[in-house]
Amino acid sequence: MADIERIRGLIRANPDFPKPGINFQDIFPVFQDPTAVESLITHLVSHVTSTIKEKIDVVIGLDARGFLFGPIIALRLAAAFAPVRKKGKLPGEIVTVEYVKEYGVDVFEMEKDAVKPGQNVIVVDDLIATGGSAAAAGKLVNLSGGKVLKYLFVIEAVELNGAAVLNAPLYSVLKYEDSGLKYKG
Ligand SMILES: O=P(O)(O)OC[C@H]1O[C@H](OP(=O)(O)OP(=O)(O)O)[C@H](O)[C@@H]1O
Ligand SMILES: Nc1ncnc2[nH]cnc12
């Protein structure tokens, strides 16, 4: 718990960014503290290994902040890593979905063969607000024939109830109240 408090203390709130009314939670200061990063990754990986009995085949990270966590978690789980990216960044055959997030509309894409039919997947991101981004990633996994077993986040805006739009259980390290994202515990 001390480790989690340390991580919470490093996350920086930025009122009215990127739009008025959004209290933007900046995860990057955590990466100034390698011990905190180690604790965070270990905590997330322990959650996966203690709650999921199936072998995880692929860890998906969401553009862009999910890329900070996804590849490290994938390495620890001896799984593949694949990115879900914003529109127009990935070459070749892709799957595409449009989605709505807390502060706008966007398009997510994934290389079609990044997830093979029948593979077990976890989706990782820094934060879930409305759940629009994570749900869109889940749809891309399903379009490729994979199955999401869990969604992992560092921060969850609990009152936005993003969990309701996901097709698998969610785990978050830090829970914040409402889109003001006040810390809850
Ligand atoms: O639950 P939602 O309402 O969908 O919002 C959460 C998403 O918003 C942020 O990403 P953003 O699209 O700002 O991209 P970035 O990581 O490139 O800054 C965050 O990293 C999540 O991916
Ligand atoms: N309040 C917030 N802080 C950081 N990233 C976000 N993505 C969506 N809402 C966010």
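Residues numbered from 1 in each chain as written. Chains lettered and ligands numbered in written order. Predicted model: local features only at pLDDT ≥ 70, side-chain atom pairs only at ≥ 80, totals over all residues. Heavy atoms only, no water.

To be explicit about the condition: UniProt positions are given in the numbering used here, feature names are shortened, and annotations may be inferred rather than shown by experiment.
The name an unreviewed UniProt entry gives the chain is adenine phosphoribosyltransferase, with Ambispora gerdemannii as the organism. Annotation of the chain in UniProt includes, under Subunit (unreviewed entry), the sentence "Homodimer." Looking at the Pathway (unreviewed entry) heading of the UniProt record, one finds this comment for the chain: "Purine metabolism; AMP biosynthesis via salvage pathway; AMP from adenine: step 1/1."

Describing the pattern of salt bridges
Filter applied, for reference: A pair is scored as a salt bridge if a Lys or Arg side-chain nitrogen falls within 4 Å of a carboxyl oxygen belonging to Asp or Glu. The way it works is that DSSP assigns letters per residue, a run of H or I at least four long becomes a helix, a run of E at least two long becomes a strand, and they are numbered from the N terminus. Three labels apply to residues, based on accessible area from a 1.4 Å probe with only protein chains included: buried if under 20% of the type maximum, exposed if over 50%, partly exposed otherwise in between.
Scanning all chains against the criterion turns up 8 salt bridges. With its nearest N and O atoms 3.3 Å apart, the salt bridge here joins Asp63 to Arg85. Highlighted residues: Asp63 in the loop between strand S3 (58–62) and helix H3 (70–76) and Arg85 in strand S4 (residues 80–86), separated in sequence by 22 residues. Judged by relative accessible area, Asp63 falls into the buried class, the value being 13%. Residue Arg85 is classed as partly exposed on the basis of its relative accessible area, which comes to 25%. Lys175 is paired through a salt bridge with Glu156; the nearest N and O atoms lie 3.6 Å apart. One end of the pair, Lys175, is in strand S9 (residues 170–177); the other, Glu156, is in strand S8 (residues 147–157), and 19 residues separate them in sequence. The exposure class assigned to Lys175 is partly exposed, which follows from its relative accessible area of 28%.

A look at the UniProt feature "domain: Phosphoribosyltransferase" (unreviewed entry) in the chain
Mapped onto the present numbering, the UniProt feature "domain: Phosphoribosyltransferase" (unreviewed entry) falls on residues 36–150. Within the segment residues 36–150, helix and strand shares are 30% and 36% respectively, and the terminal C-alpha atoms sit 23 Å apart.

Considerations on the nonpolar core
Generally speaking, nonpolar side chains in soluble globular proteins are found buried as a group. The test is simple: Joining through side-chain atoms within 4.5 Å is the link that ties buried Ala, Val, Leu, Ile, Met, Phe, Trp, Tyr and Cys residues into a set, and such a set is a nonpolar core. It only takes one pair of heavy atoms within 4.5 Å for two residues to be counted as in contact.
Judged by nonpolar contacts, the single largest core of 32 residues is most densely connected at Ile11, Ile56, Val59, Ile73, Leu77 and Ile122. Listing elements by their share of this core, those giving two or more residues are helix H1 (2–10), helix H2 (34–51), H3, strand S7 (120–128), S8 and S9. A total of 7 residues in this core trace back to one element, the largest contributor, which is H2. Beyond its immediate sequence surroundings of up to four residues, Ile56 is in contact with Val48, Leu77, Ala79, Asn120, Ile122 and Leu149. Counting residues in each nonpolar core, the second largest holds 26 residues, with Val58, Val121, Ala134 and Ala135 among its members.

Observations regarding the packing of aromatic side chains
What counts here: Stacked, edge-to-face and tilted labels apply to pairs of Phe, Tyr and Trp rings (six-membered ring for Trp) whose centres lie within 6.5 Å, assigned for plane angles under 30 degrees, over 60, and everything in between, in that order.
Per the stated rule, a full pass over the model turns up 4 aromatic pairs. Relative to Phe81, the ring of Phe67 lies with its centre 6.3 Å away and its plane at 90 degrees, an arrangement referred to as edge-to-face. Residue Phe67 is located in the loop between S3 and H3, and its partner Phe81 is located in strand S4; the two are separated by 14 residues in the primary sequence.

As for the site of ligand 1
Going by this rule: The near set for a molecule or strand comprises every residue that places at least one heavy atom within 4 Å of it. In the analysis that follows, any N or O atom pair within 3.5 Å is treated as a polar contact, provided that within protein one partner can donate a hydrogen and the other can accept it, and provided that, for residues neighboring in sequence, both atoms belong to side chains. Residue polarity is assigned by list, with Asp, Glu, Lys and Arg as charged and Ala, Val, Leu, Ile, Met, Phe, Trp, Tyr, Cys and Pro as nonpolar; anything else, Gly included, falls into the polar class.
Inspection of the region around ligand 1 gives 16 residues, with Tyr103, Asp125, Asp126, Thr130 and Ser133 positioned closest. Taking Asp126, its side chain carries an N or O atom lying 2.6 Å from an oxygen atom of ligand 1. A distance of 2.8 Å is found between an oxygen atom of ligand 1 and a backbone nitrogen or oxygen belonging to Ala129. Considering every element that reaches the shell around ligand 1, the biggest residue donor is S7, with 4 residues. Of the residues belonging to the shell around ligand 1, the class tally is 5 nonpolar, 4 polar and 7 charged.

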